[in-house]
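If you want the building blocks of each chain, they are given just below.
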Amino acid sequence: IGCKRMKDPHLALSFLPRMKQANISLDLTFYGILLKTCYQAIEIDMAFHFFDQMKKSSIKPTVTIYEKITLNYGFVRNYKKMFEILNLMHNEQMSFSKEFFIYLIHNIAREGDYEIASQIVNMMRQAQLPVNTHVYNLLLRCCIPSGNQQIVRQLLALIKQESLKPNQKTYLTLICVYANA
């Protein structure tokens, strides 16, 4: 833990074999630290290994653990796998915060993957989290690479239907979408 705090995640991970040799078992707190350390060290495959190991043991992942592994999938831009983790969590009747959903949608919007972003927005709705103009702006942002005007018109209709007001960001995004059409 001290090595992690001193910003040397590789050194922190180097202690793991010694712990195994000493028959020290991993608990939920330690798995959480391991996942965050793997993320900081950009050891994504190792993080996935620990996550799978934790699921196979009798330790049930918490919302925080799911957030950490979801961030790892987002880091490597494996949004399909990230969405699988979100569904797994949803099936276990856990929920992320609105801010975390927005963070995910923001990162997906940069890639222009409207399908995945809209599925995450649907998960927000299922969790009864509010979808505001900012979220719609992120969905509109997904349309910039493709210039897909049909989706843009649908999103604008939803904004109007939900009595939300477009803002400056909405109009700037629309200009970018139509410039790519």
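Here's a quick rundown of the structure.

So, how was this worked out
Residues numbered from 1 in each chain as written. Predicted model: local features only at pLDDT ≥ 70, side-chain atom pairs only at ≥ 80, totals over all residues. Heavy atoms only, no water. Helix = DSSP H or I, 4+ residues; strand = E, 2+ residues; numbered from the N terminus. Buried < 20%, exposed > 50% of the residue type's maximum accessible area, 1.4 Å probe, protein only. Contact = heavy atoms within 4.5 Å. Areas by Shrake-Rupley, 256 points an atom, 1.4 Å probe, with all protein chains shown as cover. Expected span 1.5 Å × (residues − 1). Arc of directions from axis to C-beta. Axes fitted to C-alpha atoms, helices over the stretch in contact; angles between N-to-C directions. Parallel < 35°, antiparallel > 145°, perpendicular 65-115°, else oblique. Nonpolar A, V, L, I, M, F, W, Y, C, P; charged D, E, K, R; others polar. Core = buried A, V, L, I, M, F, W, Y, C linked by side-chain atoms within 4.5 Å. Salt bridge = Lys/Arg side-chain N within 4 Å of Asp/Glu carboxyl O.

**Quick look at the overall build of the chain**
Step number 1: Looking only at helices and strands, the chain features 12 helices and 0 strands.
Step number 2: Reading the secondary structure of the chain in the N-to-C direction produces α-α-α-α-α-α-α-α-α-α-α-α.
Step number 3: Across the 181 residues that make up the chain, the buried fraction comes to 40%.
Step number 4: A sequence separation of at least 24 residues applies to 65% of the contacts in the chain between residues at least 6 apart.
Step number 5: When the accessible area of the chain is evaluated, it comes to approximately 10,200 Å², of which 53% is carbon and sulfur surface.

**Side note on helix 5 (residues 44–56)**
Step number 1: Helix length check: helix 5, at 13 residues, gives a terminal C-alpha distance of 19 Å against a target of 18 Å (1.5 Å per residue), a fit within 8%.
Step number 2: For helix 5, every residue scored as buried is listed here: Ile44, Ala47, Phe48, Phe50, Phe51 and Met54. Take helix 5 and look down its axis: the buried residues cluster within an arc of 160°, on one side only. Away from the buried face of helix 5 by more than 90 degrees, exposed residues Asp45 and Lys56 are located.

**A few points about the packing of helix 8 (residues 98–111) against helix 9 (residues 114–126)**
Step number 1: Look at helix 8 against helix 9: their axes get within 9 Å of each other, and the N-to-C directions meet at 170°. The orientation of helix 8 with respect to helix 9, classified from their angle, is roughly antiparallel. Counted together, Lys98, Phe101, Leu104, Ile105 and Ile108 of helix 8 and Ile116, Ala117, Ile120, Val121, Met123 and Met124 of helix 9 form the full contact between these two elements.
Step number 2: When its residues are assigned to classes, the contact of helix 8 with helix 9 shows 10 nonpolar, no polar and 1 charged.

**Some points on the environment of Ser97**
Step number 1: With respect to the helices and strands, the residue Ser97 is situated in the loop between helix 7 (79–91) and helix 8.
Step number 2: Relative accessible area serves as the criterion here: at 31%, Ser97 is assigned to the partly exposed category.

**Observations regarding the packing of helix 10 (residues 133–142) against helix 11 (residues 149–161)**
Step number 1: Remark: helix 10 packs on helix 11, axes separated minimally by 10 Å, with the N-to-C direction vectors making an angle of 175°. With respect to their mutual orientation, helix 10 and helix 11 come out roughly antiparallel. Residues Tyr136, Leu139 and Leu140 of helix 10 form the contact with helix 11, whose own contacting residues are Val152, Leu155, Leu158 and Ile159.
Step number 2: Partitioning the contact of helix 10 with helix 11 into residue classes produces 7 nonpolar, no polar and no charged.

**What about the nonpolar core?**
Soluble globular proteins: nonpolar side chains tend toward being buried together.
Step number 1: Grouped together as the largest cluster of nonpolar side chains are 54 residues, with contacts concentrated most on Phe51, Ile105 and Ile120.
Step number 2: For this core, the element with the most residues is helix 8, which contributes 7 residues.
Step number 3: Those residues within four positions of Ile120 in sequence are excluded, and the remaining contacts are Met82, Phe83, Leu86, Phe101, Leu104, Ile105 and Ile108.

**What about the environment of Ile108?**
Step number 1: In this structure, Ile108 sits in helix 8.
Step number 2: Take Ile108: its relative accessible area is 0%, and that puts it in the buried class.
Step number 3: When the C-alpha positions of Ile108 and Arg141 are compared, they lie 9.5 Å apart, and in sequence the two are 33 residues distant.

**Description of the pattern of salt bridges**
Step number 1: This model, assessed by the stated rule, comprises 2 salt bridges.
Step number 2: A salt bridge links Asp52 to Lys55; the shortest N-O distance between them is 3.9 Å. Taken as a pair, Asp52 and Lys55 lie in helix 5 at a separation of 3 residues, close to a single helical turn.
Step number 3: Using a relative accessible area of 37% as the deciding quantity, one classes Asp52 as partly exposed.
Step number 4: A relative accessible area of 36% means that Lys55 is categorised as partly exposed.
Step number 5: The partner of Glu162 in a salt bridge is Arg125, and the shortest N-O contact between them spans 3.3 Å. Taken as a pair, Glu162 in the loop between helix 11 and helix 12 (168–179) and Arg125 in helix 9 lie far apart in primary sequence, 37 residues in all.

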